[in-house]
Amino acid sequence: MDAFEAIKVTFFQECDELLADLEAKLMLLEQGQTDLETINAVFRAVHSVKGGAGAFGLEALVRFAHVFETLMDELRSGRKPCDTITIKTLLRASDVLADHIQAAQGLIPQVDEGRSAALVAELEMLTHGGEAPPPVEDEDDDFGFMPMAFDMALDEPVAAPEPEPEAVGWRIVFKPMGRMYANANETGLLLRELGRLGPTTVVLDDSETPTLDALSVEDGCLTWTVDLDAAVEEAAVREVFDFVESDCELAITPLGGASNMNAPFEDEPAAVLPASDDLDIAALLAKASGAVADPVPDTIPFAAIEPEPAPAVATPAPTPVAAAPVATSAPVAPAPVTIRVDLDRVDRLINVVGELVIQQAMLSQRVLESGLARSSGIALGLEDLELLTREIQDSVMAIRAQPVKSVFQRMPRLVREVADMVSKQVRLVTVGEDTEVDKTVVERLAEPITHMLRNAIDHGLETPDERIAAGKSAEGTVRLAALHRSGRIVIEISDDGRGINRERVKKIAIDKGLIAADAPLTDEQIDNLIFAPGFSTAAVVSDISGRGVGMDVVKRSIQALGGRISISSVPGKGSTFTLSLPLTLAVLDGMVVAAAEQTLIAPLPTIVESLTPQAADLHFVGGVDPVIRFRDRFLPLIDVALIMGFREQPMIPTDGVAVVVETESGQQAALLFDAIQGQRQVVIKSLETNYQQVEGVAAATILGDGRVALILDVDVIVTDMRRKSIRPDFKLAS
């Protein structure tokens, strides 16, 4: 891939981030948060897309983004109200903008031109108040690689207010803040762009500059006054400062209208700079710092950068003006420094670190078998190596950690559209957006969550009339929450709707031949029928549901991630679907246990306590199912080796070790093993990929001695496999 294509790939990656931010801010507008900061964020996202598209000659994308951006400029200037109709149009425009980006990438064949043209007409109608806008001419645009505002030819607003007749030109008072430089913006570039609009005279006020020993690069201490002698519109001037407007103090007034603003600078002589075409960055910096700078060989004057400068007009040095008062905001923390890394490289790094963990475990095993004392230098060094390896493992896994916010922020739009389709009033509440999980898990969460939200709105919530008749508010609530629990991530999708109609579900399952008519089913089993392939309660096939697919897809997707799904429903109150997933698909802290000469791994987050069973604490329910007394309660005692087929006869409980575990649903049980060998961090290997799925086994790992050990699926063992318990043939000692 050549350098140009590499830059283009980066541009499209940034477009994905800009589109996500754009939609999130538009949803805030829809919720009534129509403050200037939110509107400016939408404007900047569209402007950034348009600027990058111009550099690559993506004219269709540039034209659409230009119309979108023009309306946003009207909103942020206050010339147009940000009403409901406008916001809905902007939401649809963001979809078409995404289509244009995908078409430019080649992800879709082409954009629906009819839809795009219709939306352009709507945007222009909102912008111009019903007047037919002039066409956007862009055949002669020059899309060069300028650092800023390289798409200026397309940025001329159509309906900007004209300056007062007696004032030809503008006075710009510009004071950068420290964070502007932290965001990699430069004053020199802004001055050059102003120079492109017409002849300029620049005055630098450095009266606030401290001495060199007290100078801080994080402080803004310079004020620039620029007189622009050109009959251009104010919007064209403001456009130069699009990317820095929130990072500076800025005042733009017509020439001749700012004579009362000169007092603050009368006591201090200002540095009058030449016209913009003759500026020298090195000279400006030397003057600003108060130091005599050595000549900088690589410094390029603006005249050399701009081969065809606008003709400079010699005008008398104006008296500098003070910046108009602006609303001060709280200091903004500098954005974290990040780099883009190909995901394949991170995956390779994780695999290598996984092998490092295995080799470290093998080395420790060999030293242990050699009989060296634990106080020996080698043993102590191995302990340090183990700690370092774990720290490396945790750090590498943190690289892949990503908040579920990237998935959650797509859902408000989905909820709004589905609610409109079924004529219901729905409010989405999201909780725990900053909960972090492995990137591979995050990427595969979007589809199941989408299915479940659509199901909650279409089937779970009643219509407004039905809710009012039931004594509820007309607006239904759907709650999407993420949280950490027992070393896993739990996603909950709940609604306050009608709940599951179990009689209807069972009847449909019988009619479809999914169960026998006389099958005795518990409420939990009836609820889980909705996950059966081909099951649907929709009476009519629609764009939302009714084709018999969806919930079974959800279950398969979650199981493919090593997770599980459960349902809790109360008729008339609502339903809650709980997805439980591993935090990562790479590593696990586990307890190494032995069962009938087999070495197994019990996930450490599920373990509550371990104990040696005593005969007095053992009992049998109905003479069949063993239970053990634990803290004044009786828990099922499950012989793991027996139910997994490692041996045919049950072991005597008092000869083994009981490990009390807790499932995702809070159910507790005691697993019976022969012995506990220790605690270890293990690298997860998919058993299903390399062999096949085994009931009661979540995955596998490689031990320090090179053997393969199975990682237990505690929830399956406790909830399903214990039903296979065999009546014991032994008698307890009295």
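Coordinates for the structure precede this section.
Residues numbered from 1 in each chain as written. Predicted model: local features only at pLDDT ≥ 70, side-chain atom pairs only at ≥ 80, totals over all residues. Heavy atoms only, no water.

A.B. asks: When you look at the sheet that holds strand E7 (residues 425-431) in this model, what are you seeing that I'm missing?
C.D. replies: Across a sheet, strands are paired by hydrogen bonds formed along the backbone, either parallel or antiparallel in direction. Here we have five strands laid out as an open sheet, ordered E7-E9-E10-E12-E11, and mixed in their pairing. Lying at the two open borders of the sheet, with one neighbouring strand each, are E7 and strand E11 (564-570). Going across the sheet, the axis of each strand differs from the next one's by a mean of 15 degrees, ignoring polarity. In the sheet, E7 pairs with strand E9 (residues 475-485) via seven bridges, with the strands oriented parallel. When the sheet's bridge partners are listed, Leu428 is paired in E9 with Val478. (Pairing = 2+ DSSP bridges. Helix = DSSP H or I, 4+ residues; strand = E, 2+ residues; numbered from the N terminus. Axes fitted to C-alpha atoms, helices over the stretch in contact; angles between N-to-C directions.)

A.B. asks: What's the story with unusual backbone geometry in this structure? I'm lost.
C.D. replies: Most peptide bonds take the trans form, and the phi angle of most residues other than glycine is negative. With a phi angle near 60 degrees, Ser423 is a residue other than glycine that sits in the positive phi range. Among the structural elements, Ser423 can be located in the loop between helix H14 (411-421) and E7. On the basis of relative accessible area, Ser423 is assigned to the exposed category, the value being 57%. Positive phi outside glycine occurs at Ala596, with the angle close to 55 degrees. Mapped onto the fold, Ala596 is located in the loop between strand E13 (587-595) and strand E14 (598-603). (Buried < 20%, exposed > 50% of the residue type's maximum accessible area, 1.4 Å probe, protein only.)

A.B. asks: Help me understand the nonpolar core in this model?
C.D. replies: A general trend in soluble globular proteins is that nonpolar side chains are found buried together. Core analysis: the largest hydrophobic core is formed by 47 residues, its most contacted members being Ile449, Leu453, Leu480 and Ile491. Excluding residues within four positions of it along the chain, Leu480 makes contact with Phe408, Met411, Leu428, Val429, Thr430, Val431, Ile449, Leu453, Ile491, Glu492 and Ile493. Judged by nonpolar contacts, the second largest core, of 38 residues, contains Ala45, Ala53, Phe68 and Leu90. (Core = buried A, V, L, I, M, F, W, Y, C linked by side-chain atoms within 4.5 Å. Contact = heavy atoms within 4.5 Å.)

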